[in-house]
Amino acid sequence: MAMQITDSAMLDTSGAKARVRAAAQEDIRTEPAAVRIAIITIAVLFLTIFVVLPLVLVFAQAFSKGVVAYVAALAEPEALAAIRLTLLVAAISVTLNLAFGLVAAWAIAKFDFPGKTFLITLIDLPFSVSPVISGLVFVLLFGAQGYFGSWLREHDIQILFAVPGIALATTFVTFPFVARALIPLMQEQGTQEEEAAISLGASGLQTFFRVTLPNIKWGVLYGVLLCNARAMGEFGAVSVVSGHIRGETNTMPLLVEILYDEYQFVAAFAIASLLAMLALITLIAKTILERHLDEGHDVNDH
């Protein structure tokens, strides 16, 4: 009998929440129909002009001389080198940021320690610093007249105008994405499950790989997705440290600028179309991952 009363109370509570939610939605829709239509129309027009139309024009220009010219532009040695370099740099930066993001999110969400607020501020620093400035910082550190320049020259180590410098600059600008995707998720989950695993004799690594990581897998994928998209599309910081050596240190965004300045429009827009396709794939994957994250939140709420 007590169980039935409890179940009835829970059903009544759920029904009350549903009614409150429905009432809130009705309260939102108090504007006249004409106002709602006008707002929606403005939003659609804005997205069409500033998002959809540029994407359509990119693909139209890329295929303006036919599929053969498009494929030939992508098959150029310089284009292939830029694609390979972009993929390599993205792989390096995503791997480094994934390792750091997991460790930082674990420390910030699960422990209290001196300097925690300062660490969070440092993680957010790349959001407030111009990518060009971050590139100049690496020039001041590793350039010929930089802080480590003479030591690097003596040991014949090339950082700037080479893959290491591009990877460092890209890693810096993509620094916050994984950590910022995981910190709120891990804070919301709390530490109860980890404490239970440790009390049952699990080690720290066993707890992480068997308890924590399965609970945050969608957040990890979400952060990696955003980090990878930003890494492949980064221009400012990479432009400063790359040296624009054709066929060697030009990533896809840099090559687009060079080809466009040389009036090779089909080739420029062909490379740009690859970046646009990456953006569309990222958008679709982001939507799917957000749905999984929302489902996870709903399960935790219940």
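Below: a short report on this structure. (Residues numbered from 1 in each chain as written. Predicted model: local features only at pLDDT ≥ 70, side-chain atom pairs only at ≥ 80, totals over all residues. Heavy atoms only, no water.)

1. Some words on the overall build of the chain
When helices and strands are counted, the chain shows 15 helices and zero strands. When the 302 residues of the chain are sorted by exposure, 33% land in the buried category. The contacts in the chain between residues at least 6 apart in sequence include a share of 72% that link residues at least 24 apart. Here the chain displays about 18,200 Å² of accessible surface, and carbon together with sulfur accounts for 69% of that area. (Helix = DSSP H or I, 4+ residues; strand = E, 2+ residues; numbered from the N terminus. Buried < 20%, exposed > 50% of the residue type's maximum accessible area, 1.4 Å probe, protein only. Contact = heavy atoms within 4.5 Å. Areas by Shrake-Rupley, 256 points an atom, 1.4 Å probe, with all protein chains shown as cover.)

2. Things to note about the packing of helix H9 (residues 176–189) against helix H12 (residues 217–233)
Put simply, H9 and H12 touch, their axes get as near as 7 Å, and they point 155° apart. One finds that H9 runs roughly antiparallel with respect to H12. Two packed elements cross with a definite hand, and for H9 against H12 that hand is right-handed. Seen from H9, the contacting residues are Phe177, Val178, Ala181, Leu182 and Leu185; seen from H12, they are Gly219, Val220, Tyr222, Gly223, Val224, Leu226, Cys227 and Arg230. Looking at the contact of H9 with H12 residue by residue, the class counts come to ten nonpolar, two polar and one charged. (Axes fitted to C-alpha atoms, helices over the stretch in contact; angles between N-to-C directions. Parallel < 35°, antiparallel > 145°, perpendicular 65-115°, else oblique. Left-handed = near helix turned anticlockwise from the far one by under 90°. Nonpolar A, V, L, I, M, F, W, Y, C, P; charged D, E, K, R; others polar.)

3. Remarks on empty space enclosed by the protein
For the structure on display, the rule yields one cavity of 30 Å³ or more. Of the volumes computed, that of the largest cavity is approximately 40 Å³. Thr86, Val89, Ala90, Thr170, Ala231, Met232, Glu234, Val238, Thr251 and Pro253 together form the lining of the largest cavity. Of all the secondary-structure elements, those providing two or more residues to the lining of the largest cavity are helix H4 (77–110) and H12. (1 Å grid on protein atoms, 1.4 Å probe; cavity = no way out; pocket = protein on both sides within 12 Å on 5 of 7 lines; lining within 4 Å. Points joined across faces, edges and corners; volume = space filled by probe spheres on them.)

4. Concerning the environment of Glu257
Locating Glu257 in the fold gives a position in helix H14 (residues 252–261). Placed 15 residues apart in sequence, Glu257 and Ala272 show a C-alpha to C-alpha distance of 9.6 Å. Those residues in contact with Glu257 that sit more than four places away from it in its chain are Phe235 and His244.

5. Topic: the packing of H4 against helix H8 (residues 163–173)
Interhelical geometry of H4 versus H8 gives an angle of 50° and a closest axis separation of 9 Å. Here H8 runs oblique to H4, going by the angle between their axes. Remark: the crossing between H4 and H8 carries right-handed chirality. Side by side, H4 and H8 meet where Leu85, Leu88, Val89, Ile92, Ser93, Leu96 and Asn97 of the first sit next to Val163, Ile166, Ala167, Thr170 and Thr171 of the second.

6. Overview of unusual backbone geometry
You will see that Asp156, though not glycine, has its phi angle at about 55°, which is positive. As for its position among the elements, Asp156 is in the loop between helix H7 (149–154) and H8. The residue Phe161 is not glycine, and still its phi comes out positive at about 60°. By the secondary structure assignment, Phe161 is in the loop between H7 and H8. Using a relative accessible area of 40% as the deciding quantity, one classes Phe161 as partly exposed.

7. Observations regarding the nonpolar core
By size, the foremost hydrophobic cluster in this structure holds 23 residues, and its most contacted members are Leu102, Ile123, Leu182, Ile183, Met186 and Ile216. Put simply, the parts of the chain that give this core at least two residues each are H4, H9, H12 and helix H15 (265–301). When residues in this core are grouped by element, the largest group, eight residues, is from H9. What Ile123 contacts, discounting residues up to four positions off in sequence, is Phe100, Ala104, Ile108, Phe175, Pro176, Ala179 and Ile183. (Core = buried A, V, L, I, M, F, W, Y, C linked by side-chain atoms within 4.5 Å.)

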